[in-house]
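Geometric and topological summary
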Amino acid sequence: MMHPTSASSFADIDAHTLKQWLHDGHEIALLDVREHGQYGESHLFYAAPVPYSRLEIDIVRLAPRRDVRVVVYDNGGDDDTAARAARALVKLGYGQVHRLAGGIAQWQQDGYAAFAGVNVPSKTFGELAEEVFHTPRIGARELAERQQRGDDLIVLDGRPYAEYQKMSIPGGICCPNGELALRAHTLAKRPETTIVINCAGRTRSIIGAQTLINLGVPNPVYALENGTQGWYLEDLQLEHGARRRYDDGVAAEDLPALAGRSAQLAERHGVPFVSAATVQEWLHDSTRSTFLCDVRSAEEFAEGSLPGAQHTPGGQLVQATDQYLAVRGARIVVFDAEGVRAPVVASWLRQMGWDACVLQEGINAALTHQAPEVQTPVVSMLSDSGLASALAQGAQAVDVRPGMRYRAGHIAGAQWSIRPRLHRLALDPARAVVLLAEDVAVAAWAAEDLRALGVQDIKVNTGTPASWQAAGIAQAATPAVPADDECIDYLFFVHDRHDGNKAAARQYLAWETNLVKQIDERELAGYRFPAR
């Protein structure tokens, strides 16, 4: 049922209606507008994390079509974050905005499941893929013994380079999953060489290994069971700061065979190849959402891409789809430069239930497209020296950087807050306020809410603890402030497993392997694995 809300342009819907909408085949953007930590503790299966603190910054990238059906939700009870988010979306021109009545609390009271963690549909898919394909796996202890024996094997880390550098398997080489189809043969040149794919946990190990198997590589291929966490739980030493990565070059004479192999895989999974002319029509279609996704490396994307495309490295697009698009039922058009990577990515997306296809012309397509934008409110910036002067004259400092950053070090006397909780601050509206931020846009939208609360003199400083120190501004560290339950922007559940906490690592792996048991029949039916 729908219930119009007073003096607003959005409507409330109940949990049963939302559940029906999620499976009716029409486009829907289900947005969890709470902060990242709250989302990670418990959220709806298909919800995309779009925190209210970043709502206007991220929404047009995640849900570009203003006529798409949108549902927002919060905790329920006295939490009014969803109502504020709904009003903000209406103001931006979204015409079909709805709020889940009673929030996630009512959703659960009505008998529907909530899920901890992040990227849940993708991680569930990884667990299902392992069951469907019987992906071979190798345990950490066995891999370590084979390495010590000097066996002919290579470890490829399927994560992005920054993640790989944090911790990696000794000897492992960074080759993100989206690059495997194009580059694995340059790293394992002999067909006899065993290839082991790892990530931090399970999903990218499984999908990376199965990618090579699906492509028909002659090598023995295994997923490292439980990734770097499994290695750590066996009391084996991880590397930190490793710099080994794939070479950028691929011989031109290798490309036709590689592209042919990927095309065969795409055909087996019913991946359409579409022309630039067709995609151009889709991009101008006001009745359907189309996402243009460049699956190449960050370096390639930085050199130039198609107009309106977002950078979605192939492995990450499969691993964390909800970070790149929030519209269930949308079209996804993926492309690369050589026709090797994109078909593989599309083959996985289609199995995940997405309407994914490959742009035939790739990076050379002739497209004209203007990605929608939201203008960031103008704010008055303050230098570090200007900040020092303002503080000396009695300005109130409000720190809207991440809560953990505030704990580590902040300007003495500054209050920490986050956009959905600014109204809780004890501010004197007659005195100047300086917002301390890492991201000007985050501060600009927070300033809009402060103005609505009656504060008019607002400036923004984007300094760092080092630059504040250089300006002679006193600082303090408060390891317990804000308290854990106030750090709604930080997900302890994810981070603790990487901080030397074995119990957290075991809990995380148990959560991941248990996901398949938590989904219902309709969620399971959303995946489209090939008949075996």
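Position numbers for residues start from 1 in each chain and track the written sequence from start to end. Residues qualify for local features only when their pLDDT is at least 70, as the model is predicted, and side-chain atom pairs are given and counted only at 80 or more; totals for whole chains, interfaces and linings, by contrast, use all residues. To obtain the side-chain values, all non-hydrogen atoms of the structure were included, while hydrogens and water were left out.

As annotated in an unreviewed UniProt entry, the chain is Thiosulfate sulfurtransferase GlpE from Achromobacter kerstersii.

1. Focus on the pairing of strand E23 (residues 458-461)
We count it as follows: One requirement defines pairing of two strands: DSSP has to find at least two bridges between them. Helix numbering and strand numbering both begin at the N terminus, where a helix is a DSSP run of H or I of at least 4 residues and a strand a DSSP run of E of at least 2. A clockwise path from the first strand over the helix to the second, with the strands pointing away from the viewer, defines a right-handed crossover.
Here two bridges tie strand E18 (residues 380-381) to E23, and the two strands are oriented parallel to one another. Residue pairing across strands places Met381 opposite Val460, the latter belonging to E23. Considered for its hand, the β-α-β crossover made up of strand E22 (residues 433-436), helix H19 (residues 440-452) and E23 is right-handed.

2. Thoughts on unusual backbone geometry
We count it as follows: Between buried and exposed lies partly exposed: a residue is buried under 20% and exposed over 50% of the maximum accessible area for its type, with that area taken using a 1.4 Å probe on protein chains only.
Note the cis peptide between Val481 and Pro482, where omega equals 0°. Relative to the helices and strands, Pro482 is located in the loop between strand E24 (475-476) and helix H21 (492-495). Of note in the backbone geometry, Asn119 takes a positive phi value of approximately 55° without being a glycine. Structurally, Asn119 is set in the loop between helix H5 (103-109) and helix H6 (120-133). A relative accessible area of 7% places Asn119 in the buried class. You will see that Asp235, though not glycine, has its phi angle at about 60°, which is positive. Structurally, the position occupied by Asp235 is in the loop between helix H11 (227-233) and helix H12 (255-268). On the basis of relative accessible area, Asp235 is assigned to the exposed category, the value being 62%.

3. Quick notes on the domain arrangement of the chain
As a reminder, the rule being used: Note that the domain bounds reflect an automated or database-derived domain assignment. Two residues qualify as a contact provided that any one of their heavy atoms is within 4.5 Å of a heavy atom in the partner residue. Buried area is calculated as the accessible area (1.4 Å probe) missing from two parts once they are joined, with the contributions of both summed. The definition of a polar contact used here is a pair of N or O atoms within 3.5 Å, where within protein one atom must be able to donate a hydrogen and the other to accept one, and adjacent residues in sequence count solely through side-chain atom pairs. When residues are grouped by polarity, Ala, Val, Leu, Ile, Met, Phe, Trp, Tyr, Cys and Pro land in nonpolar, Asp, Glu, Lys and Arg in charged, and all others, Gly among them, in polar.
Splitting the chain by domain gives domain 1 (11-118), domain 2 (124-246), domain 3 (270-364) and domain 4 (380-484). Centre-to-centre separation of domain 1 and domain 3, based on C-alpha positions: 24 Å. Each side of the interface is counted separately: domain 1 has 20 residues, and domain 3 has 16 residues. Of the roughly 1,300 Å² buried between domain 1 and domain 3 on both sides combined, carbon and sulfur atoms contribute 49%. Counting across the domain 1 and domain 3 interface gives 10 residue pairs in polar contact (both at pLDDT 80 or more). Broken down by secondary-structure element, the contributors of at least two residues to the side of domain 1 that touches domain 3 are strand E3 (28-32), strand E4 (48-49) and helix H3 (55-62). The residue makeup of the side of domain 1 that touches domain 3, split by class, is 14 nonpolar, two polar and four charged.

4. So, the sheet that holds strand E12 (residues 273-274)
If you walk across this open sheet you meet the five strands as E12-E17-E16-E13-E14, and the pairing is parallel. Looking along the sheet, the strands with just one partner apiece sit at the ends: E12 and strand E14 (310-311). Where strand E13 (residues 290-294) meets strand E16 (residues 331-335), five bridges bridge the pair, whose relative direction is parallel. Bridge pairing in E16 links Cys293 to Val334.

5. Comments concerning the packing of H6 against helix H10 (residues 203-215)
Note the cut-off: Structural elements are reduced to axes, namely lines fitted to C-alpha atoms, with helices fitted over the stretch in contact, and the angle between N-to-C directions of any two is expressed from 0 to 180 degrees. Small angles under 35 degrees read as roughly parallel and large ones over 145 as roughly antiparallel, with 65 to 115 read as roughly perpendicular and the rest as oblique. For a crossing to be left-handed, the near helix must be turned anticlockwise from the far one by less than a right angle; the clockwise case is right-handed.
Between H6 and H10, the least distance of the axes is 9 Å, while the angle of their chain directions is 45°. Here H6 is positioned oblique relative to H10, judged by the angle of their axes. Handedness of the crossing formed by H6 with H10: left-handed. Where H6 abuts H10, its residues Ser122, Lys123, Phe125, Gly126, Glu127, Ala129, Glu130 and Phe133 lie against Thr203, Ile206, Ile207 and Gln210. Across the contact of H6 with H10, the residue classes break down as five nonpolar, four polar and three charged.

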